[in-house]
Amino acid sequence: GLAALAIYVLLSRLVESQRIQIGLMRALGYDKLQVLSHYVGFALVVGILGSVIGALLGHVLGTALTGFYATLFHVPYIEVQPQWTVIGMSVVIGTIVPVLGGIVPAWATSRMHPAEAMRPPPPPIGRRTPIEIILPVIPRLPGTLKVPLRNTFRNPRRTLFMAFGVTSATAMILISLSFVDMIDDMYVRFGRVPNYDSYIIFQDVGSASTARHIGHLADVEASEAILEQPYRLRFGDQVMDATIRGMQPGTDMYRLYFEDGSPADLPEDGILLGTPIYNQLKAEAGDVVRLESLVGTVVEKEMVVAGIVDEPMGGRAYITYREAQDLFRLPGAATGALVRFHGEPDARTVERIYSLPEVSSIEDAEVLLDYLDDAMGFFWAFVGVLLLMSFGLGIAIVFNGVTVNVLERRREIAIMRAVGMGDRQLARMIAIENLGVGLLGILLGLPLGYRIADEFMTQALADVEGFAFAAILYPQSFVIAAACGMVMLLVSQLPAIRRVTRMSLPTVTKGWTS
């Protein structure tokens with residue numbers, strides 16, 4: 001859409017600047033189809049070149065990101081092969097979109113009468129702009145403010161294009177920032193849960209006595225046995241495979257929270273569902289879910305949902321340790337232990353734990369968080385590329401609009417300079433006009449970006465099981481997106497303002513095509 005709009009504006013400007021040539025071509029006998037094909041061909045060439053270059057850059061960036069991914073996760077061997085189907089589709093779409101955007105101005109060109117095309121278009125009839133009708137005080141404002149306000153409403157198409165460019169750029173940047181805020185929020189929610197130092201994983205099903213034995217070792221402050229098994233949870237027509245974990249009532253090792261942020265205690269009779277399970281099953285507190293074992297010959301059971309606990313990732317449901325032993329029919333059993341040490345544990349203590357017959361591995365809580373942080377390096381690289389592309393595309397769109405705005409008014413600007421208006425005053429008027437349109441674009445782009453981010457996360461939630469995606473946007477992200485929109489606008493107007501200050505007055509006022 002943005003590409004089509006950019007081509008539309010560029011071709012419209014090109015047509016206006018080549019009116020005499022178009023009239024001459026028509027007078028020499030070129031028919032409408034030949035003129036139409038000439039300008040559609042311009043859009044076609046732009047589309048093909050841009051699509052091919054974009055496909056090559058996409059392949060290079062994809063290869064670089066794949067290499068980064070392999071290095072991050074220590075993948076020993078990778079092979080990057082071009083996906084010719086995807087590349088072909090991108091080239092076709094990238095070619096069709098500019099052509100569609102160029103058809104309207106090209107069609108208008110082909111319909112020009114030779115005599116009409118060889119003379120300048122008549123100026124529009126002067127009338128009060130809507131802003132002057134709504135605010136009668138406008139005519140009494142200084143010229144530096146009055147002229148930009150009139151220009152904003154004098155050419156609605158140009159104003160809407162500029163506003164749409166800023167809106168699109170702001171929305172794209174806000175969408176990129178939503179990924180950053182979502183991951184940051186997930187880290188905060190994930191990091192507040194574990195209050196243990198190590199998770200001792202037993203081989204298959206161990207015994208609770210091993211967990212108690214670990215609790216009596218030196219340097220160990222506390223040790224709590226846990227028992228978990230894979231289960232299939234069913235509610236109505238919805239089914240999800242998850243893990244049911246049994247923990248000690250009132251445990252402080254693994255802290256659970258409801259979605260409103262309040263602490264959640266394990267119920268004596270009932271089950272707590274994690275957010276990913278709730279998103280899949282849609283079972284509310286008080287509903288009855290059916291539990292079907294995925295291992296062994298344990299009988300099925302129905303349990304009442306006691307609440308929904310906030311979990312950003314993973315598929316777990318929680319019950320008390322005693323309830324888990326009864327449900328799994330494993331009295332005195334444990335599949336692991338949550339351990340908290342007195343400060344930094346001695347290496348001999350860790351070795352003694354690891355040497356126990358039932359212990360399979362030891363998972364350090366901080367190391368796990370660090371690993372997750374390192375694993376997100378690929379994601380941060382992706383978001384960085386997305387932000388750069390959003391910023392670059394936004395600058396291109398806004399630059400296009402600002403430049404066309406100045407070019408279409410070069411005679412008007414030259415006349416204002418001729419009657420004594422200084423370069424600084426002209427630059428100030430252009431900046432005020434652009435900032436006003438930019439402010440409108442930002443006000444539209446912020447809610448649009450949030451809406452798109454919310455729809456994206458909703459779709460991702462439906463497609464990816466085990467994650468609780470939500471559109472999280474911190475207030476500072478809105479400020480950053482708005483500031484980026486303004487920066488793009490200010491940077492994009494610098495070449496246009498420079499062109500105004502260097503404009504040749506005799507050439508502009510004498511020659512239509514300068």
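Structure: above.
Fair warning: this is a prediction, and the values are worked out from it, not measured in the lab.

Draft legend 1. Expanded view of the nonpolar core. If you look at the biggest cluster of nonpolar residues, it comprises 39 residues, and the most contacted ones within it are Ile 200, Leu 233, Ile 244, Ile 271, Leu 273, Ile 277 and Leu 291. The contacts of Ile 200, once residues within four sequence positions are left out, are Ile 214, Thr 335, Gly 336, Ala 337, Val 339, Ile 353, Val 359, Ser 361 and Ile 362. In terms of nonpolar packing, the next biggest core, distinct from the first, is built from 28 residues, Leu 177, Met 429, Ile 442 and Ala 482 among them.

Draft legend 2. Here's a closer look at a nonpolar patch on the surface. A cluster of nonpolar side chains, contributed by Val 92, Ile 96, Leu 100, Ile 103 and Trp 107, occupies part of the molecular surface with about 480 Å² of accessible area. Summarising the element assignment, Ile 96 is placed in helix α4 (residues 84-110).

Draft legend 3. Local environment of empty space enclosed by the protein. On inspection of all chains with the given rule, the structure shows two cavities of 30 Å³ or more. Approximately 40 Å³ is the volume attributed to the second largest cavity. Along the walls of the second largest cavity sit Thr 152, Arg 158, Thr 159, Met 162, Asn 405, Glu 433, Asn 434 and Val 437, which together make up its complete lining. Elements with a contribution of two residues or more to the lining of the second largest cavity: α8 (156-191) and α16 (423-463). Looking at the lining of the second largest cavity residue by residue, the class counts come to two nonpolar, four polar and two charged.

Draft legend 4. The pairing of strand β2 (residues 220-235), seen in detail. In the sheet, β2 pairs with strand β10 (residues 333-341) via six bridges, with the strands oriented antiparallel. Bridged to Glu 224 within β10 is Leu 338. Summarising the sheet, β2 and strand β3 (residues 238-247) pair through nine bridges and their orientation is antiparallel. Residue Gln 229 lies in a different strand from β3, and its bridge partner there is Ile 244. What sits between β2 and β3 in their antiparallel hairpin is a turn of two residues, with Gly 236 showing a positive phi close to 65°. For β2 and strand β7 (residues 288-293), the ladder comprises four bridges, and the chain directions are antiparallel.

Draft legend 5. Expanded view of the packing of aromatic side chains. Taken as a whole and judged by the stated rule, the model has three aromatic pairs. The interplanar angle of 35° and the centroid separation of 5.8 Å between the aromatic rings of Tyr 254 and Tyr 318 together place this pair among those described as tilted. Taken together, the residues Tyr 254 in the loop between β3 and β4 (256-257) and Tyr 318 in strand β9 (residues 316-320) connect sequence positions 64 residues apart. Since its relative accessible area comes to 0%, Tyr 318 is described here as buried. Just above the ring of Tyr 254 sits the side chain of Arg 245; from NZ or CZ to the centre is 5.0 Å.

Draft legend 6. Local environment of the pattern of salt bridges. Under the counting rule described, the total for this entry stands at 14 salt bridges. Across the pair Arg 192 and Asp 310 runs a salt bridge, and its minimum N-O distance is 3.0 Å. Here Asp 310 lies in the loop between β8 (301-309) and β9 and Arg 192 lies in the loop between α8 and β1 (198-207), a separation of 118 residues in the sequence. Since its relative accessible area comes to 11%, Asp 310 is described here as buried. Between Arg 348 and Asp 346 there is a salt bridge, with the nearest N and O atoms lying 3.0 Å from each other. Taken together, the salt bridges that share partners define one network made up of Asp 185, Arg 189, Arg 192 and Asp 310.

Draft legend 7. How the structure looks around the side chain of Ser 178. Along the chain, the position of Ser 178 falls in helix α8. The exposure class of Ser 178 is buried, given its relative accessible area of 1%. Aside from chain neighbours lying at most four places away, what touches Ser 178 is Ala 453, Met 457, Ile 472 and Leu 473.

Draft legend 8. Layout of helix α17 (residues 475-501). With 27 residues, α17 ought to run about 39 Å at 1.5 Å a step, and its terminal C-alpha atoms sit 39 Å apart, in line with that. Residue Leu 494 marks the point of greatest curvature in α17, where the axis turns by about 30°; the proline Pro 495 follows within four residues. Along α17, the positions that sit buried rather than exposed are Ser 477, Ala 481, Ala 482, Gly 485, Met 488, Leu 489, Ser 492, Gln 493, Ala 496, Ile 497 and Val 500.

Draft legend 9. Geometry of the packing of α8 against α17. Contact pair α8 / α17: the axes reach a minimum separation of 9 Å and the direction vectors enclose 145°. Handedness of the α8/α17 crossing: right-handed. Touching Met 162, Val 166, Ala 169, Thr 170, Ile 173, Leu 174, Leu 177 and Asp 181 of α8 are Ser 477, Phe 478, Ile 480, Ala 481, Cys 484, Gly 485, Met 488 and Leu 489, all from α17. Grouping the amino acids of the contact of α8 with α17 by side-chain chemistry returns 12 nonpolar, three polar and one charged.

Draft legend 10. Summary view of a negative patch on the surface. A cluster of acidic side chains, namely Glu 344, Glu 363, Asp 364, Glu 366 and Asp 370, defines a negative patch on the protein surface. Of all elements in the fold, only β11 (359-364) and α13 (365-375) reach the threshold of two or more residues within the negative patch. In this fold, Glu 344 is placed in the loop between β10 and α12 (347-354). Residue Glu 344 is classed as exposed on the basis of its relative accessible area, which comes to 73%.

Draft legend 11. Spotlight on the environment of Tyr 30. Here Tyr 30 shows up in the loop between α2 (19-27) and α3 (32-72). Under the relative-accessibility criterion, Tyr 30 is labelled partly exposed at 39%. With near-sequence residues (within four places) excluded, Tyr 30 lies in contact with Met 25 and Val 35.

Draft legend 12. Structural context of the side chain of Arg 189. As for its position among the elements, Arg 189 is in helix α8. Here Asp 310 takes part through its side chain, which lies 2.7 Å from a polar atom of the side chain of Arg 189.

Draft legend 13. Quick look at the environment of Arg 340. Mapped onto the elements of the fold, Arg 340 is located in strand β10. Sequence separation between Arg 340 and Ser 198 is 142 residues, and the spatial gap between their C-alpha atoms is 6.7 Å. Beyond its immediate sequence surroundings of up to four residues, Arg 340 is in contact with Asn 195, Asp 197, Val 220, Glu 221, Ala 222, Asp 252 and Met 253. A distance of 2.9 Å separates a polar side-chain atom of Arg 340 from the backbone oxygen of Asn 195.

Draft legend 14. The environment of Ile 173, seen in detail. As for its placement among the helices and strands, Ile 173 is situated in helix α8. We classify Ile 173 as buried; its relative accessible area is 3%. Each C-alpha atom of the pair Ile 173 and Gly 394 lies 8.9 Å from the other, and the pair is 221 residues apart in sequence.

What counts, and where the lines are drawn
Residues numbered from 1 in each chain as written. Predicted model: local features only at pLDDT ≥ 70, side-chain atom pairs only at ≥ 80, totals over all residues. Heavy atoms only, no water. Core = buried A, V, L, I, M, F, W, Y, C linked by side-chain atoms within 4.5 Å. Buried < 20%, exposed > 50% of the residue type's maximum accessible area, 1.4 Å probe, protein only. Contact = heavy atoms within 4.5 Å. Patch = residues over 30% accessible without salt bridge, like charges linked within 9 Å, V, L, I, M, F, W, Y side chains within 5 Å. Areas by Shrake-Rupley, 256 points an atom, 1.4 Å probe, with all protein chains shown as cover. Salt bridge = Lys/Arg side-chain N within 4 Å of Asp/Glu carboxyl O. Helix = DSSP H or I, 4+ residues; strand = E, 2+ residues; numbered from the N terminus. 1 Å grid on protein atoms, 1.4 Å probe; cavity = no way out; pocket = protein on both sides within 12 Å on 5 of 7 lines; lining within 4 Å. Points joined across faces, edges and corners; volume = space filled by probe spheres on them. Nonpolar A, V, L, I, M, F, W, Y, C, P; charged D, E, K, R; others polar. Pairing = 2+ DSSP bridges. Phe/Tyr/Trp six-rings, centres within 6.5 Å; stacked < 30°, edge-to-face > 60°. Lys NZ or Arg CZ within 6 Å of the ring centre and 35° of its normal. Expected span 1.5 Å × (residues − 1). Bend = angle between axes of the 7 residues up to and from the residue. Axes fitted to C-alpha atoms, helices over the stretch in contact; angles between N-to-C directions. Left-handed = near helix turned anticlockwise from the far one by under 90°. Lys, Arg positive; Asp, Glu negative; His and termini not counted. Charge placed at Lys NZ, Arg CZ, Asp CG, Glu CD. Polar contact = N/O pair within 3.5 Å; in protein donor to acceptor, adjacent residues only side chain to side chain.

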